[in-house]
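# Per-entry structural report
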Amino acid sequence: MEPLLPSLRKRKRYIAVEVISDAPVQRNAFIAAVSQAGCAVLGDVGFAVCGISVLGFEDNVGIVKCWHTSVSQTIGVLTFMTWIDGQKVIVRAAGVSGTVKGAQIKFLQKGN
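Let us look at the structure shown here. Owing to the predicted nature of the structure, the values given are computational and were not obtained by experimental measurement.

## What to know about the packing of helix H1 (residues 27-50) against helix H2 (residues 71-79)
Orientation of H1 relative to H2, taken along the N-to-C sense of each, is 160°, at an axis distance of 8 Å. Looking at the two axes, H1 sits roughly antiparallel to H2. Considering the relative orientation of H1 and H2, their crossing is right-handed. Touching Val34, Ala37, Gly38, Val41, Leu42 and Cys50 of H1 are Gln73, Val77 and Leu78, all from H2. For the contact of H1 with H2, a count of residues per class yields seven nonpolar, two polar and no charged.

Here it is in structure tokens:
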């Protein structure tokens, strides 16, 4: 089977995320909370259509991937996350980029 042409592929967007909490949040707990909030807000089918997945999460910052048509829905899902692993949190979308490297450089570096 041949790969799709670039013009036929779905474009991805990478959302830089910062979690504000009293204690550090574990990666597995964050992934579980994203999928739980996504299914609660968008439903199972809507969550699958958005293509939401967590690429990396460490030291309360991470990158969430989604399709370019569902950036606003993904940010909405992240906004509705108020509890992770039994602790109250605030999830802030720092910015959106078309590449992982761009999201890391622009939004997740310590100086910004």
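## Here's the deal with the layout of surface pockets
Any space left empty among the atoms is revealed by the rolling of a water-sized probe across them. A volume near 160 Å³ is recorded for the second largest pocket. Residue lining of the second largest pocket: Ala29, Ala32, Ala33, Gln36, Ala37, Phe80, Met81, Thr82, Trp83, Ile84 and Asp85, and that is the complete set. At the level of secondary structure, the elements contributing two or more residues to the lining of the second largest pocket comprise H1 and strand E4 (83-84). Element by element, the count of residues in the lining of the second largest pocket is highest for H1, at five residues. Taken together, the residues of the lining of the second largest pocket break down into eight nonpolar, two polar and one charged.

## Some words on the pattern of salt bridges
Counted by the stated rule, this structure contains one salt bridge. Residues glutamate 18 and arginine 92 are paired through a salt bridge, measuring 2.9 Å at the closest nitrogen-oxygen approach. Taken together, the positions of glutamate 18 in strand E1 (residues 12-20) and arginine 92 in strand E6 (residues 90-97) put the pair 74 residues apart, joining distant regions of the chain. Judged by its relative accessible area of 27%, glutamate 18 is partly exposed. The exposure class assigned to arginine 92 is partly exposed, which follows from its relative accessible area of 41%.

## Remarks on the environment of valine 25
With respect to the secondary-structure elements, valine 25 resides in the loop between E1 and H1. Take valine 25: its relative accessible area is 8%, and that puts it in the buried class. For valine 25, the contacting residues outside a window of four places in its chain are Val19, Phe30, Phe57, Asn60, Ile84, Gln87 and Val89.

The rules behind each value
Residues numbered from 1 in each chain as written. Predicted model: local features only at pLDDT ≥ 70, side-chain atom pairs only at ≥ 80, totals over all residues. Heavy atoms only, no water. Axes fitted to C-alpha atoms, helices over the stretch in contact; angles between N-to-C directions. Helix = DSSP H or I, 4+ residues; strand = E, 2+ residues; numbered from the N terminus. Parallel < 35°, antiparallel > 145°, perpendicular 65-115°, else oblique. Left-handed = near helix turned anticlockwise from the far one by under 90°. Contact = heavy atoms within 4.5 Å. Nonpolar A, V, L, I, M, F, W, Y, C, P; charged D, E, K, R; others polar. 1 Å grid on protein atoms, 1.4 Å probe; cavity = no way out; pocket = protein on both sides within 12 Å on 5 of 7 lines; lining within 4 Å. Points joined across faces, edges and corners; volume = space filled by probe spheres on them. Salt bridge = Lys/Arg side-chain N within 4 Å of Asp/Glu carboxyl O. Buried < 20%, exposed > 50% of the residue type's maximum accessible area, 1.4 Å probe, protein only.

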